[in-house]
Amino acid sequence: MQRESSFDRAAFSVGTLSVQWLSLFLLFLGAILVLLPLSVMGVMSLTKTGGGWTFANYREAWERGGFLLAFANSTFVALSVTGIQIMASALAGYALARLQFRGKQALLLIILTTLVIPFQILVIPIFLVLKWGHLINTYGALILPTAVNGFGILLMRQYFQTIPIELEEAAMLDGANRFQILWKIMLPLSRPALVTLFLFTFIGEWNDLFKPLVFTTRSSLRTVQLALAGFQEQFTNNWTLMMAAVVIATIPIVLLFLLGQRQLIRGVAATGIKN
């Protein structure tokens, strides 16, 4: 019996080790498949027309593409939308997680429903509302349509539910009100969820082409994605400049993701579905 048990444990250890090595191999293969196109893009962006390497492609792409104004516009719009979303999501998420009121489940169901409705379906009524409010060709047309998002509300609700309610009860005994509890207790403890929401929202707004294409026509409101689209039309056959422009547009969100990836993983892992 002891010999059979030792044999079983050894077989189990070998099997576990094989699974681990297989998992590492698959992860390594997946990393290669993801990084290969990025590597090709980076190499092409540094290639001279006649051969060799140069960083001049980046300077030329930056100047000829007008990316300075586009970066300023995209940064302003992305930060504005992200700030409003975080504020609205924190308030609504806390109400849905902790307060009891009539119609709570119905409201939660409505918010869930908004997640499956594509933004493109709503573009005509949104356009009419923006036109009625004289917001077409303004920053408001780029900010307001996505200033509130059901994903952010649900993300914050789920994370707030993971925080022990005893912390709030102790704060209430000390005389704190709901807003003080939210500001001084819940939000500091929800940093992973806030970083997750910030990254998702900022990256989504930075990469958005649809809103500026539909709601604006002024060159002064051109965002990075519009500048990149215009650059592509102008330099269709110049692949080195095209790749340099793509790298320029990609660097900010890559750096942002690398800075916040740890909090992002914690935030996603902690927000499981709860009733």
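Structure first, text after, so check above.
Computed from a predicted model, the values in this text were never measured in an experiment. (Residues numbered from 1 in each chain as written. Predicted model: local features only at pLDDT ≥ 70, side-chain atom pairs only at ≥ 80, totals over all residues. Heavy atoms only, no water.)

Undergrad: Even after reading the chapter, I still don't get the overall build of the protein, so can you show me in this structure?
TA: From N to C terminus, the protein includes 13 helices and 0 strands. Along its sequence from the N terminus, the protein presents helices and strands in the succession α-α-α-α-α-α-α-α-α-α-α-α-α. Along the three orthogonal principal directions, the C-alpha set of the protein runs to about 70 × 65 × 35 Å. Burial status across the protein gives 36% buried among its 275 residues. Within the structure as shown, the protein displays about 17100 Å² of accessible surface, and the carbon and sulfur contribution to it stands at 70%. (Helix = DSSP H or I, 4+ residues; strand = E, 2+ residues; numbered from the N terminus. Buried < 20%, exposed > 50% of the residue type's maximum accessible area, 1.4 Å probe, protein only. Areas by Shrake-Rupley, 256 points an atom, 1.4 Å probe, with all protein chains shown as cover.)

Undergrad: Sorry if this is basic, but what is going on with the packing of aromatic side chains here?
TA: The geometry of an aromatic ring pair comes down to the distance between the two centres and the angle between the two planes. The final tally for this structure, using the stated rule, is 14 aromatic pairs. With 5.4 Å between their ring centres and 65 degrees between their planes, F151 and F200 make a pair best called edge-to-face. With F151 in helix α7 (residues 150-161) and F200 in helix α10 (residues 191-206), this residue pair connects regions lying 49 residues apart in the sequence. Among the aromatic residues, ring-to-ring pairing joins W62, F67, F71, F198, F202, W206, F231 and F235 into one connected group. (Phe/Tyr/Trp six-rings, centres within 6.5 Å; stacked < 30°, edge-to-face > 60°.)

Undergrad: Even after reading the chapter, I still don't get the packing of helix α3 (residues 67-98) against α10, so can you show me in this structure?
TA: Between two packed helices, both the angle of their axes relative to each other and the distance between the axes serve to describe the pair. Across the interface, α3 lies against α10 with an axial gap of 9 Å and an inter-helix angle of 145 degrees. The element α3 and its partner α10 pack so that their crossing is right-handed. Only L194, L197, F198, T201, F202, E205 and W206 of α10 make contact with α3, whose side of the interface consists of F71, S74, T75, V77, A78, L79, V81, T82, Q85, I86 and S89. Partitioning the contact of α3 with α10 into residue classes produces 11 nonpolar, 6 polar and 1 charged. (Axes fitted to C-alpha atoms, helices over the stretch in contact; angles between N-to-C directions. Left-handed = near helix turned anticlockwise from the far one by under 90°. Contact = heavy atoms within 4.5 Å. Nonpolar A, V, L, I, M, F, W, Y, C, P; charged D, E, K, R; others polar.)

Undergrad: Help me out: how do you make sense of unusual backbone geometry in this one?
TA: For residues besides glycine, phi is generally negative; the peptide bonds are generally trans as well. Phi is positive for H134, which is not a glycine, with a value near 55 degrees. Its location among the elements puts H134 in the loop between α5 (123-132) and α6 (139-143). A positive phi is found at N137, a non-glycine position, where the angle reads about 65 degrees. Mapped onto the elements, N137 comes out in the loop between α5 and α6. For N137, a relative accessible area of 18% gives the class buried.

Undergrad: Sorry, what's going on with the environment of I84 here?
TA: Following the sequence through the fold, I84 ends up in helix α3. Note on I84: relative accessible area 32%, which makes it partly exposed.

Undergrad: What is the right way to read helix α9 (residues 178-189) from this model?
TA: An α-helical segment advances 3.6 residues per turn. Residues three or four places apart therefore align on the same side. Taking 1.5 Å of rise per residue, 12 residues should cover 16 Å, and α9 covers 15 Å from first to last C-alpha, within 8% of that figure. Those residues of α9 hidden inside the fold are in contact with α3, α7, α8 (165-173) and α10. In this structure N177 caps α9, since a side-chain oxygen of it lies 3.2 Å from the backbone nitrogen of F179. (Expected span 1.5 Å × (residues − 1). Polar contact = N/O pair within 3.5 Å; in protein donor to acceptor, adjacent residues only side chain to side chain.)

Undergrad: It is not clear to me how the environment of Q158 should be interpreted in this structure. Could you clarify?
TA: Along the polypeptide, Q158 turns up in helix α7. The exposure class assigned to Q158 is buried, which follows from its relative accessible area of 7%.

Undergrad: What is the right way to look at the pattern of salt bridges in this model?
TA: Tallied over the entire structure, the rule returns 4 salt bridges. Of the charged contacts, one joins R178 and E168 as a salt bridge, the two residues approaching to 3.5 Å between their closest N and O atoms. Of this pair, R178 sits in helix α9 while E168 sits in helix α8, placing them 10 residues apart in sequence. The exposure class of R178 is partly exposed, given its relative accessible area of 34%. Among the residues examined, E168 registers a relative accessible area of 1% and is labelled buried. E205 is paired through a salt bridge with K211; the nearest N and O atoms lie 2.8 Å apart. Several salt bridges share partner residues, and in doing so they unite R98, E168 and R178 into one network. (Salt bridge = Lys/Arg side-chain N within 4 Å of Asp/Glu carboxyl O.)

So yeah, pure geometry; function would need other evidence.
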